[in-house]
Amino acid sequence: MKLFGAIILTSLTILSALFLGGCAPATEPTEPAQPAAMAPTETQIVNLYTDRHYDSDDLLYQSFTEETGIQVNVVKGKSDELIERLKTEGADTEADLFITADVGRLYRAESAGLLQPIESELLSTNIPKNLRDPDGNWFGLTKRARVIVYAKDRVNPDELSTYENLTDSKWQGRILVRGADSIYNQTLLASLIEIMGEAEAKIWAEGIVRNLAREPKGGDRDQAKAIAAGEGDIAIMNTYYLGLMLNGTDPEERKVVEGLGVFFPDQEGNGTHINVSGGGVVNGSKNKDNAVKLLEFLASEKAQTSYAEANYEYPVLSGIPAADFLNTLGTFKEQSLDLSRLGELNAEAVRLLAEAGWK
Ligand code: FE
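Residues numbered from 1 in each chain as written. Predicted model: local features only at pLDDT ≥ 70, side-chain atom pairs only at ≥ 80, totals over all residues.

### Considerations on the overall build of the chain
Counting its regular elements, the chain contains 15 helices and nine strands. Looking at the chain residue by residue over its 359 residues, the buried ones come to 50%. By sequence separation, contacts in the chain at least 24 residues apart represent 80% of the contacts at least 6 residues apart. (Helix = DSSP H or I, 4+ residues; strand = E, 2+ residues; numbered from the N terminus. Buried ≥ 20, exposed ≤ 12 C-beta atoms within 10 Å, placed from the backbone. Contact = placed C-beta atoms within 7 Å.)

Below, the structure written as structure tokens:
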């Protein structure tokens, strides 16, 4: 399909988005709320635990510091390790804000009592209701779509339709997807449990396992590479990886993406599965106000523009255009499920994946 559009993301674009404020969208259906002006104070800090590892995020935190005078101390780590660390540290934790990919993890942190409810007019205004916890324990900050990616030379997109269709015998030995320990797969299955019920969702997982081209391994990028290597014809993966590969420094990865088409499943039905990366204020935070300010900053127009341009994620704030790369893929119907419900279904999804023999 249309994956070839020349995507030019210069550091100038990022810098202007971050520091010049010159990238306001041309059309803006709603007026997004802006963070309140902050009074100058002595040394203000906010301690952030995050599993995100993008340079563009660091630029955002710098920009926040310039705007507010609040210094952001970033501790990066793997999500589950950070959750364990928060559990161990308990009330003694230095952490104020926890940011992680996937609602499954946000829900785990919430149900372990690691987050606290926040009320914020700005966050409620800027973030759609289904993308945040109803009690304010966590808030989605970026959106990602889990789509079907296919070999353009071997798959006719007319043959693709829904996630369910992937269990058809015509795809036997052709599907690539990462393992059952992938939170992205767990939340995708949670969405199917919510839509079709547990019994049907289990049949779906078994059908995918039956059609696998190989035992699940690697991350989303590795599934795309395996298509290029001819190991399979179809992958289930998140769109932003394609944007990162296409615009990265590795010429091999660029070539991989050029051979791929993107299909948004279930457009006649419930829509394509979406998930978020997001954050919540840590229970016991000693700089709670600053943590809320940083969350609000990340949901503001400026940060949402940067997330969209730099990491090929969809903004949660309406009116912010997606990156050019995503626009070449076209618009699509999204699942409108409450992500908090998908968090609740995480444990069930994990169990079903195991029962289905998804390694
Ligand atoms: Fe990811």
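### Description of helix 11 (residues 288–298)
Counted residue by residue, helix 11 has nine buried out of 11 residues, so it is predominantly covered. Residues N290, A291, V292, K293, L294, L295, E296, F297 and L298 constitute the buried set of helix 11.

### Describing helix 2 (residues 55–68)
Between the first and last C-alpha of helix 2 there are 20 Å, a value that for 14 residues agrees with the 20 Å anticipated at 1.5 Å per step. Among all positions of helix 2, only D57, L60, Y61, S63, F64 and T68 are buried. An end-on view of helix 2 places all buried positions within 160° of arc, on one side of the element. Seen from the open side of helix 2, the exposed residues pointing more than 90 degrees away from its buried face are D55 and E66. Where helix 2 ends, the next residue or the one after it, G69, has phi of about 80°, a positive value. (Expected span 1.5 Å × (residues − 1). Arc of directions from axis to C-beta.)

### Description of the packing of helix 6 (residues 183–196) against helix 15 (residues 346–355)
Two elements in contact, helix 6 and helix 15, have axes separated by 8 Å at closest approach and are oriented at 100°. Considered as vectors, helix 6 and helix 15 are oriented roughly perpendicular to each other. Contacts between helix 6 and helix 15 involve N185, Q186, T187, L189, A190 and I193 on the former and, on the latter, N346, E348, A349, V350, L352 and L353. For the contact of helix 6 with helix 15, a count of residues per class yields seven nonpolar, four polar and one charged. (Axes fitted to C-alpha atoms, helices over the stretch in contact; angles between N-to-C directions. Parallel < 35°, antiparallel > 145°, perpendicular 65-115°, else oblique. Nonpolar A, V, L, I, M, F, W, Y, C, P; charged D, E, K, R; others polar.)

### Describing the environment of S277
Counting through the fold element by element, S277 comes out in strand 8 (residues 273–281). If we skip the residues at most four places from it in the chain, S277 touches R52, T100, A101, D102, L141 and T142.

### Focus on the environment of A291
Along the chain, A291 turns up in helix 11. According to the C-beta neighbour criterion, A291 is buried, with 25 such atoms within 10 Å. Along the chain, A291 and I70 lie 221 residues apart, while their C-alpha atoms are 9.8 Å from each other. Sequence-distant contacts of A291, defined by excluding residues within four places in its chain, comprise V46, D96, L97, V281 and S285.

### Observations concerning the packing of helix 4 (residues 103–111) against helix 6
At a closest axis distance of 8 Å, the pairing of helix 4 and helix 6 adopts a crossing angle of 90°. Here helix 4 lies roughly perpendicular to helix 6, going by the angle between them. Contacts from V103, G104 and R105 of helix 4 reach helix 6 at I183, Q186 and T187. Residue composition of the contact of helix 4 with helix 6, by class: two nonpolar, three polar and one charged.

### Details of unusual backbone geometry
For D102, which is not glycine, the phi dihedral falls at a positive 85°. Mapped onto the secondary structure, D102 falls in the loop between strand 3 (97–101) and helix 4. Positive phi outside glycine occurs at Y312, with the angle close to 60°. Its location among the elements puts Y312 in the loop between helix 12 (301–311) and strand 9 (314–315). Using a count of 26 C-beta atoms within 10 Å as the deciding quantity, one classes Y312 as buried.

### Quick look at the nonpolar core
In this structure, L97, F98, V149, L189, A224 and L295 are the most contacted members of the largest nonpolar core, which totals 103 residues. Split by domain, the residues of this core number at least three in each of domain 1 (13–143 + 276–322) and domain 2 (144–273 + 335–355). (Core = buried A, V, L, I, M, F, W, Y, C linked by C-beta atoms within 7 Å. Domains from an automatic or database assignment.)

### Details of the pairing of strand 3
With five of its five residues buried, strand 3 lies for the most part within the structure. Neither face of strand 3 is exposed, since L97, I99 and A101 on one face and F98 and T100 on the opposite face are all buried. In this sheet, strand 3 lies alongside strand 1 (residues 44–50) in parallel orientation, the contact comprising three bridges. Considered in strand 3, the bridge of Y49 is made with F98. Where strand 3 lies against strand 8, five bridges are found, and the strand directions are antiparallel. Opposite A101, over in strand 8, you have S277 as the bridge partner. (Pairing = 2+ DSSP bridges.)

### Re the environment of N126
Its place among the elements puts N126 in helix 5 (residues 121–126). Here N126 falls in the buried class, since 27 other C-beta atoms lie within 10 Å of it. Sequence-wise, N126 and E301 are 175 residues apart; in three dimensions their C-alpha atoms are separated by 8.8 Å.

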